[in-house]
Amino acid sequence: MKKLSLLALLASMFLIQCRPCRWSGCGCDFQGINELYVIEQMKAEFHALFGTNDTTQFYPISQATIVITVSKASLLAQNTPKAQWSFIPTAQACDPAVDQKATTYFSDIIIINQKKDTVFGQIWNIGDTITSHFNFGLNYSLKPIADFLKTHDSIDRYAQYKLRLKNSPQQNKRLKFTVDLVMTDRKIFSFPNLEMRVY
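Position numbers for residues start from 1 in each chain and track the written sequence from start to end. Given that the model is predicted, a residue must reach a pLDDT of at least 70 before its local features are reported, and side-chain atom pairs must reach 80 or more before they are shown or counted; all residues, however, enter totals for whole chains, interfaces and linings. Computation of side-chain values covers all heavy atoms of the structure but excludes hydrogens and water.

**Student:** Would you explain the packing of aromatic side chains in this entry?
**Tutor:** Each aromatic ring pair is specified by the distance between its two centres and by the angle formed by the two planes. What counts as a ring pair is set by centres within 6.5 Å for rings of Phe, Tyr and Trp (its six-membered ring), and what kind of pair is set by the plane angle: stacked under 30 degrees, edge-to-face over 60, tilted for all other angles. In this structure the tally under the stated criterion is 9 aromatic pairs. Seen in terms of ring centroids, Phe46 and Tyr59 are 5.5 Å apart; in terms of plane orientation they differ by 45 degrees. Their pairing is tilted. In this pair, Phe46 is assigned in strand S2 (residues 32–48) and Tyr59 in the loop between S2 and strand S3 (64–79), connecting sequence segments 13 residues apart. For the pair Phe46 and Tyr59, a shared accessibility class is recorded, and that class is buried. Within the aromatic cluster, the residues linked to one another by ring pairs are Phe106, Phe136, Phe148 and Tyr161. Here, over-ring charges are defined by two tests on the NZ atom of lysine or the CZ atom of arginine: distance to the ring centre within 6 Å, and angle to the ring normal within 35 degrees. Lying over the aromatic face of Tyr37, Arg157 brings its terminal NZ or CZ to 5.5 Å of the ring centre. Looking at Arg157, its charged tip hangs above the ring of Tyr158, at a distance of 4.6 Å from the centre. Helix and strand assignments come from DSSP, with helices taken as H or I runs of at least 4 residues and strands as E runs of at least 2, each series counted from the N terminus. Summary of the burial criterion: residues with accessible area below 20% of their type's maximum are buried, those above 50% are exposed, and those between are partly exposed, where the area comes from a 1.4 Å probe applied to protein chains only.

What follows is the structure in structure tokens.
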């Protein structure tokens, strides 16, 4: 009887319950938690890669960015994998990999000029669509907006989407425009009076 109790004690020392794990090598199978969100609000603001984010200064186009994030969202559903058991000689903890995606993705991105000016040798009138002059993407993986829209990627809950002018205007320019983000659920997030001072 004592031998059986000893064996049971030893087994309990080595039998460890693993949570779904973010990193490999922690003794758990690589699994994650899938969470679906409904986007309620988004935010757009100017950021400079270096500097003070001061919109009165002029920046090279590589540093001037409009950053777009999800500012408010509600959890719609969560799918959590069941915990798994593993015989491993360590109790190293594992954090779950949480994949937080929205139920929608960008259907269209429209940029409307709000300040008459001559840019790239062309007159930009108020109301002109200037979308083709910008790149857009997740973090710093930017591409022409038309190409980005083809990816149909769900919107990441905590990611930063960046909007940046494709080419330098070769002189100081104060751009003023509206960005309309059209979602696949027909919701539109509109950001008027955005400014970007670039050269």
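The rest of the description comes next.
**Student:** Looking at this structure, I do not really get the nonpolar core. What am I missing?
**Tutor:** Generally speaking, nonpolar side chains in soluble globular proteins are found buried as a group. Take the buried residues of types Ala, Val, Leu, Ile, Met, Phe, Trp, Tyr and Cys, join any two whose side-chain atoms come within 4.5 Å, and each joined set is a nonpolar core. Core analysis: the biggest nonpolar cluster contains 40 residues, and Met42, Phe106, Phe177 and Leu181 have the highest contact counts within it. The contact partners of Leu181, leaving out residues within four places of it in the chain, are Met42, Ile68, Phe106, Asp108, Ile109, Lys187, Ile188, Phe189 and Phe191. In this analysis, two residues are considered to be in contact whenever any of their non-hydrogen atoms come within 4.5 Å of each other.

**Student:** Teacher, can you tell me more about the sheet that holds strand S13 (residues 188–198) here?
**Tutor:** Adjacent strands of a sheet form backbone hydrogen bonds with each other and so pair up, either parallel or antiparallel. Should DSSP find at least two bridges between two strands, the strands are taken to pair. Overall, antiparallel pairing links the 3 strands, which are arranged S6-S12-S13 in an open sheet. Among the strands making up the open sheet, the edge pair consists of strand S6 (106–113) and S13. Shown here is a sheet whose adjacent strand axes are inclined to one another by a mean of 25 degrees, direction ignored. Pairing between S6 and strand S12 (residues 173–183): 7 bridges, direction antiparallel. By the bridge assignment for S12, Ile111 is matched with Val179. Interaxial angle, 0 to 180 degrees, is taken between N-to-C directions of lines fitted to C-alpha atoms, where a helix line uses only the stretch in contact.

**Student:** Honestly, unusual backbone geometry in this entry has me stumped. Any pointers?
**Tutor:** Negative phi characterises most residues that are not glycine, and trans characterises most peptide bonds. At Phe120, a residue that is not glycine, the phi angle is positive and equals roughly 55 degrees. Its location among the elements puts Phe120 in the loop between strand S7 (117–119) and strand S8 (122–124). You can call Phe120 partly exposed: its relative accessible area is 31%. Here Gln170, not a glycine, exhibits a phi torsion of approximately 70 degrees, which is positive. Examined against the element boundaries, Gln170 turns out to sit in the loop between strand S11 (161–165) and S12. Here Gln170 falls in the exposed class, since its relative accessible area comes to 70%.

Remember that the coordinates give geometry; whether it matters functionally is a separate question.
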